[in-house]
Amino acid sequence: MRMTPVLRSSHRRAGFDTVFHGLLLLCSLLVLAMLGGLILLMATGGWQAFTRFGLSFFTTSAWNPVKDVYGILAPLLGTLVSTLIAMLIAVPMAFGTAFWLTYIASGRFSSIVGTTIQLLAAVPSIIFGMWGFQTIVPFIARDVQPFLNHHFRHVPVLGPVFSGPPVGTGLVTAGIILAVMIAPFITAVMVDVFGAVPPMLRESAYGLGATRWEMMRKIVVPWSRNGMIGAVVLGMGRALGETMAVTFIIGNVTTVGWSLFAPRSTVASLIALQFPESPEGSLRLSSLMALGFILMLLSCVSLVLARCLRGKRQ
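Residues numbered from 1 in each chain as written. Predicted model: local features only at pLDDT ≥ 70, side-chain atom pairs only at ≥ 80, totals over all residues. Heavy atoms only, no water.

Draft legend 1. Up close: the overall build of the protein chain. From N to C terminus, the protein chain includes 13 helices and 2 strands. At 25 Å, the protein chain has a C-alpha radius of gyration far larger than the 20 Å of a compact globule built from 314 residues. Judged by the C-alpha coordinates and their principal axes, the protein chain covers about 85 × 60 × 35 Å. For the protein chain, with 314 residues in total, the buried portion stands at 37%. Partitioning the contacts of the protein chain with sequence separation of at least 6, the portion at a separation of at least 24 is 72%. Just so you have it, the protein chain exposes about 17,700 Å², and 71% of that area is on carbon and sulfur atoms. Computed over 21 positive and 9 negative side-chain charges, the inter-centroid distance for the protein chain is 8 Å. (Helix = DSSP H or I, 4+ residues; strand = E, 2+ residues; numbered from the N terminus. Rg over C-alpha atoms; globule rule 2.2 N^0.38 Å. Buried < 20%, exposed > 50% of the residue type's maximum accessible area, 1.4 Å probe, protein only. Contact = heavy atoms within 4.5 Å. Areas by Shrake-Rupley, 256 points an atom, 1.4 Å probe, with all protein chains shown as cover. Lys, Arg positive; Asp, Glu negative; His and termini not counted. Charge placed at Lys NZ, Arg CZ, Asp CG, Glu CD.)

Draft legend 2. Examining the UniProt feature "transmembrane region" (unreviewed entry) in the protein chain more closely. In the numbering used here, UniProt assigns the feature "transmembrane region" (unreviewed entry) to residues 72–105, 117–141, 171–194, 244–263 and 283–306. Summarising residues 171–194: 100% helix, 0% strand, and an end-to-end C-alpha distance of 32 Å. Along residues 283–306 one finds 100% helix and 0% strand; the C-alpha atoms at either end are 35 Å apart. (UniProt positions renumbered as here; feature names shortened; annotations may be inferred.)

Draft legend 3. Structural context of helix α10 (residues 212–241). Along its 30 residues, α10 runs just 37 Å from first to last C-alpha, ending more than 12% under the 44 Å computed at 1.5 Å per residue. A bend of about 65 degrees at Arg-225 is the largest found in α10. Buried within α10 we find Met-215, Met-216, Val-220, Val-221, Ser-224, Met-228, Ile-229, Ala-231, Val-233, Gly-235, Ala-239 and Leu-240. (Expected span 1.5 Å × (residues − 1). Bend = angle between axes of the 7 residues up to and from the residue.)

Draft legend 4. Expanded view of the UniProt feature "domain: ABC transmembrane type-1" (unreviewed entry) in the protein chain. Those places that UniProt annotates as "domain: ABC transmembrane type-1" (unreviewed entry) correspond, in this numbering, to residues 76–306. The span residues 76–306 is 77% helical and 0% strand by assignment, and the distance between its end C-alpha atoms comes to 21 Å.

Draft legend 5. Geometry of the pattern of salt bridges. Scanning all chains against the criterion turns up 2 salt bridges. In this structure, Arg-142 and Asp-143 form a salt bridge, with 3.3 Å as the shortest nitrogen-oxygen distance. On the basis of relative accessibility, which here comes to 54%, the residue Arg-142 falls in the exposed class. Asp-143 gets classed as partly exposed once you look at its relative accessible area, which sits at 33%. Ionic pairing is found between Arg-238 and Glu-242, a salt bridge with its closest N-O pair at 3.8 Å. The exposure class of Glu-242 is buried, given its relative accessible area of 8%. (Salt bridge = Lys/Arg side-chain N within 4 Å of Asp/Glu carboxyl O.)

Draft legend 6. Highlighting the packing of aromatic side chains. Per the counting criterion, the structure on display carries 15 aromatic pairs. Look at Phe-53 and Tyr-70: their rings are 6.2 Å apart centre to centre, the planes differ by 85 degrees, and that puts the pair in the edge-to-face class. Taken together, the residues Phe-53 in helix α2 (residues 47–53) and Tyr-70 in strand β2 (residues 69–70) connect sequence positions 17 residues apart. Measuring from ring centre to ring centre gives 5.6 Å for Phe-95 and Phe-194, while their planes differ by 85 degrees; the resulting arrangement is edge-to-face. With a gap of 99 residues between them, Phe-95 in helix α4 (residues 73–103) and Phe-194 in helix α8 (residues 171–195) connect regions that are remote in the sequence. For the pair formed by Phe-95 and Phe-194, the shared burial category is buried. An aromatic cluster of at least three residues, connected via ring pairs, comprises Phe-50, Phe-53, Phe-57, Phe-58, Trp-63, Tyr-70 and Phe-293. (Phe/Tyr/Trp six-rings, centres within 6.5 Å; stacked < 30°, edge-to-face > 60°.)

Draft legend 7. Main features of the nonpolar core. Counting residues in hydrophobic clusters, the biggest one holds 43 residues, and the most contacted among them are Ile-186, Met-190 and Phe-194. Of all elements in the fold, only α4, α6 (125–152), α8, α10 and α11 (244–249) reach the threshold of two or more residues within this core. Once you skip the residues sitting within four places of it in the chain, Ile-186 turns out to touch Met-87, Ala-90, Val-91, Ala-94, Ala-231 and Gly-235. Counting residues in hydrophobic clusters, the runner-up holds 23 residues, among them Leu-270, Leu-283, Leu-285 and Leu-291. (Core = buried A, V, L, I, M, F, W, Y, C linked by side-chain atoms within 4.5 Å.)

Draft legend 8. Layout of a nonpolar patch on the surface. A cluster of nonpolar side chains, contributed by Val-19, Leu-23, Leu-26, Leu-30, Val-31 and Met-34, occupies part of the molecular surface with about 580 Å² of accessible area. Tracing the sequence through the fold places Leu-30 in helix α1 (residues 5–45). Given the relative accessible area of 46%, Leu-30 is considered partly exposed. (Patch = residues over 30% accessible without salt bridge, like charges linked within 9 Å, V, L, I, M, F, W, Y side chains within 5 Å.)

Draft legend 9. Examining the packing of helix α5 (residues 107–121) against α8 more closely. Where α5 meets α8, the axes come as close as 8 Å, and the angle between the chain directions of the two elements is 135 degrees. The angle between the axes of α5 and α8 places the two elements in the oblique class. Two packed elements cross with a definite hand, and for α5 against α8 that hand is left-handed. Residues Ile-117, Leu-120 and Ala-121 of α5 lie in contact with α8, whose contacting residues are Pro-184, Phe-185 and Thr-187. Of the residues assigned to the contact of α5 with α8, the class counts are 5 nonpolar, 1 polar and no charged. (Axes fitted to C-alpha atoms, helices over the stretch in contact; angles between N-to-C directions. Parallel < 35°, antiparallel > 145°, perpendicular 65-115°, else oblique. Left-handed = near helix turned anticlockwise from the far one by under 90°. Nonpolar A, V, L, I, M, F, W, Y, C, P; charged D, E, K, R; others polar.)

Below is the structure:
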């Protein structure tokens with residue numbers, strides 16, 4: 001039976017739809033394959049270190065390539081503490097900036113500042129590292145740490161935290177630079193999220209006599225909570241994996257201590273410094289691959305935690 005033009009066109013569209021569906025499925029499978037390949041590469045590469053050191057690989061801070069003794073406690077703590085410092089600084093700053101740009105600043109001025117923030121987010125990380133080394137490190141060494149150490153050295157808890165020689169490099173410096181780096185990303189996402197709040201809700205709150213603070217607390221934050229959590233996780237992911245900027249200013253010393261101003265190291269900075277010098281098949285290379293695997297696990301844990309928080313708040 002000869003097909004009519006309408007039936008022929010319908011079959012042609014069905015064929016295109018099948019091809020399009022197959023291409024989308026292929027893209028999804030490629031993403032899963034790349035993620036699985038990365039995890040498998042890191043896990044197999046670090047298997048030698050995991051089996052050689054066992055639990056001590058996570059509980060010791062010794063990193064001695066001469067004796068082939070490795071422990072990841074120092075860079076792991078450095079990564080977590082510097083990221084925590086960065087988030088404590090960046091999240092309030094980003095939230096305040098985003099709220100001001102969305103609901104307080106005039107339209108033209110908000111556009112100028114918003115564009116500047118987007119440009120700041122596009123600055124390469126090595127530029128932040130150079131700026132931090134030339135500006136923040138001398139400021140911390142000359143003014144901040146001597147002042148804190150002089151006034152709080154006899155305080156039981158704060159004394160050890162501010163102790164140490166005033167060299168300027170350390171976890172606090174790294175946290176400040178990371179905060180400056182991730183704040184524009186968090187701000188840009190929060191601006192879009194705050195802008196999506198229905199105007200009717202805000203106008204209704206003002207009509208009922210709510211102040212700007214009450215409108216933000218009872219309308220904007222509950223409505224935007226999921227997007228805000230996503231913005232925070234985005235910034236946290238970059239802070240956890242940042243390499244070049246941190247390498248410039250953290251000091252790159254694999255030690256553990258109470259002082260936040262002493263030179264330390266992170267997972268990413270240690271991998272960047274020692275990976276090119278590690279011979280193929282060596283125990284040091286396996287330890288670095290294991291560090292990469294742990295860094296991927298940290299990112300996955302932060303994502304899972306964010307999804308759990310979003311699920312509880314819905």
